[in-house]
Amino acid sequence: MTQSKRALITGITGQDGSYLAEFLLEKGYEVHGVIRRTSTFNTDRIDHIYVDPHSPDAKLFLHYGDLNDGTMLRRILEQVKPDEVYNLGAQSHVKVSFDSPEYTVDTVAMGTLRLLEAIRDYQHRTGLEVRFYQAGSSEMFGKVQEVPQKETTPFYPRSPYSCAKVYAHWQTLNYRESYDLFACNGILFNHESPRRGETFVTRKITRALARIVAGQQQQLFLGNLDAKRDWGYAKDYVRAMWLMLQQAKADDYVIATGETHSIKEFLEIAFNYVNLDWNQYVTFDPRYLRPAEVDLLIGDPSKAQQKLGWQTTVSFEGLVKLMVDADLEAVGLPPINAQNGNGLDIATIRKQMSGSL
Ligand code: NDP
Ligand code: GDR
């Protein structure tokens, strides 16, 4: 019997980590994830794929560790002996990075360096190849230099988070060139899903909308509605990460849909889907503005399409609707798609929820 491939994922408890773990398990991998010790459980997104490690069926294993602790990373690498490492761990909130720049940079920039150093030594000592994926971001493009943005577009980062990602990007490239490491940078544009963290704008909107429909919330406070993003579906994007590590040569790739939409357009589709007018519910709050904004992101995925054979499977409108449906279900309401897209009668739903129908 051939030994299954082993993957190590930092950030396995996050949106992408959870989808990637599912994807790799389906491909027959043994999956190992780095998790942080927290006072309450932080494994909600992966609980459904977790099997007791004592069971012979167990294929997913979790290890306590932190990107801020190089010793732990080295120890985990020695224990797991991975064929592939996916570095998804990060303080990934752009606005929070302005409030917490040192921590963000330590995790995102230095954390990546710690991992690269550990892999370099491990590979040198054992002679075993470890393939490395770095979770780079379209935020690295920052202030518009070129439209659409591609692999050769110059970076102009506009936050502590994106400065740290630029550092991690260049170190990954340098380790590839200096130490013959199979190391790839993904430059991923925004990707969303029902598992998206609740404080990112898309999920904040769909979650609030479901609560508004359920009568649990009256208003939604947001910042800049004019920013434009290239939003795709997270499940498609983790497939691209894996594809990068299956190629003959390590390289860097933009992963995007090639379309851009404003926050207003997102609101429009989401609220229209439940027959509501977003203007009546959304209130501006300057608290959500950033010291420096990224106004326009739109990626050119042609290299990934040609070399990886990668494609998106969900349209922008489809993405908004699937997120609204998931959040409606989360508050105990039927998804719209289950009603053949006929829309909700809010009055009826509220009566249903209050038990008067
Ligand atoms: P999430 O914020 O959902 O998940 C981040 C993960 O990193 C969590 O598992 C978190 O653990 C973990 N983490 C945070 N700090 C540390 C640390 N110090 N040591 C180890 N792990 C840590 O992010 P996404 O899943 O959305 O994104 C995955 C990666 O891709 C990130 O690096 C992000 O910056 C990058 N990216 C994301 C894009 C997107 O649109 N989603 C686009 C481009 C890049 P815990 O659960 O304990 O908090
Ligand atoms: P982003 O995502 O900064 O692009 O980073 P986010 O959803 O936080 O912001 C997108 C845009 O929406 C505007 N906005 C708001 N944002 C938030 N979070 N909350 C609000 O209330 C709000 N109102 C308006 C923002 O100003 C911004 O223009 C995400 C993260 O996943 C990063 O880790 C990743 O690298 C990039 O995507 C690509």
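These figures come from a predicted structure and were not determined experimentally. (Residues numbered from 1 in each chain as written. Chains lettered and ligands numbered in written order. Predicted model: local features only at pLDDT ≥ 70, side-chain atom pairs only at ≥ 80, totals over all residues.)

1. Observations concerning the overall build of the chain
The helix and strand inventory of the chain stands at 11 helices and 13 strands. For the chain, whose C-alpha radius of gyration is 21 Å, the value lies close to the compact-globule estimate of 21 Å for 357 residues. Each principal axis of the C-alpha distribution contributes one length, and for the chain these read about 70 × 50 × 40 Å. Looking at the 357 residues of the chain, the share that counts as buried comes to 42%. Taking as baseline every contact in the chain between residues at least 6 positions apart, the subset at least 24 positions apart corresponds to 78%. (Helix = DSSP H or I, 4+ residues; strand = E, 2+ residues; numbered from the N terminus. Rg over C-alpha atoms; globule rule 2.2 N^0.38 Å. Buried ≥ 20, exposed ≤ 12 C-beta atoms within 10 Å, placed from the backbone. Contact = placed C-beta atoms within 7 Å.)

2. Observations regarding unusual backbone geometry
Most peptide bonds take the trans form, and the phi angle of most residues other than glycine is negative. The residue after Val 147, namely Pro 148, is reached through a cis peptide bond having omega -10°. Looking at the element boundaries, Pro 148 is found in the loop between β5 (131-137) and α5 (160-179). Despite not being glycine, Asp 180 has its phi angle at roughly 55°, a positive value. Topologically, Asp 180 is positioned in the loop between α5 and β6 (183-188). Take Asp 180: there are 13 C-beta atoms within 10 Å of it, and that puts it in the partly exposed class.

3. Some thoughts on the sheet that holds strand β2 (residues 30-35)
If you trace the seven strands from one edge of the open sheet to the other, you get β3-β2-β1-β4-β5-β6-β11, paired in parallel fashion. Both outer strands of the open sheet, β3 (60-64) and β11 (252-255), are each paired with one neighbouring strand and no more. Shown here is a sheet whose adjacent strand axes are inclined to one another by a mean of 20°, direction ignored. Bridge count between strand β4 (residues 84-87) and β5: four bridges; the pairing is parallel. Bridge pairing in β5 places Glu 84 opposite Arg 131. Packing against the sheet, helix α1 (residues 15-26) makes contact with β1 (6-10), β2, β3 and β4, and its axis sits at approximately 165° to β2. Here helix α2 (residues 70-80) sits on the sheet in contact with β1, β2 and β3, set at roughly 160° to β1. (Pairing = 2+ DSSP bridges. Axes fitted to C-alpha atoms, helices over the stretch in contact; angles between N-to-C directions.)

4. Some remarks on the site of ligand 1
Not every one of the 26 residues close to ligand 1 is listed here, only the nearest: Gly 11, Gly 14, Gly 89, Ala 90 and Ala 135. Looking at the shell around ligand 1, the elements that each hand over two or more residues are α1 and β5. Looking at which element gives the most residues to the shell around ligand 1, the answer is α1, with three residues. For the shell around ligand 1, the per-class residue count stands at six nonpolar, 17 polar and three charged. (Near = placed C-beta within 6 Å. Nonpolar A, V, L, I, M, F, W, Y, C, P; charged D, E, K, R; others polar.)

5. Observations concerning the UniProt feature "domain: NAD(P)-binding" (unreviewed entry) in the chain
In this structure's numbering, the residues bearing the UniProt feature "domain: NAD(P)-binding" (unreviewed entry) are residues 8-323. With 40% helix and 16% strand, residues 8-323 has its two end C-alpha atoms placed 28 Å apart. (UniProt positions renumbered as here; feature names shortened; annotations may be inferred.)

6. What to know about the site of ligand 2
In the neighbourhood of ligand 2, 21 residues make up the surrounding shell, with Ser 92, Ser 137, Val 201, Gly 223 and Ala 227 lying closest. Looking at the shell around ligand 2, the elements with two or more residues in it are α3 (94-99) and α6 (201-213). A breakdown of the residues in the shell around ligand 2 according to their chemical character gives eight nonpolar, seven polar and six charged. Lining the shell around ligand 2 are residues from two domains, each supplying at least three of them: domain 1 (6-195 + 232-255) and domain 2 (201-226 + 260-295 + 315-354). (Domains from an automatic or database assignment.)

7. Focus on the domain arrangement of the chain
Split into domains, the chain comes out as domain 1 (6-195 + 232-255) and domain 2 (201-226 + 260-295 + 315-354). For domain 1 and domain 2, the distance between their C-alpha centres works out to 30 Å. Counting from both sides, the interface comprises 11 residues of domain 1 and, opposite them, 10 residues of domain 2. Broken down by element, the residue count for the side of domain 1 that touches domain 2 peaks at three residues, all from α3.

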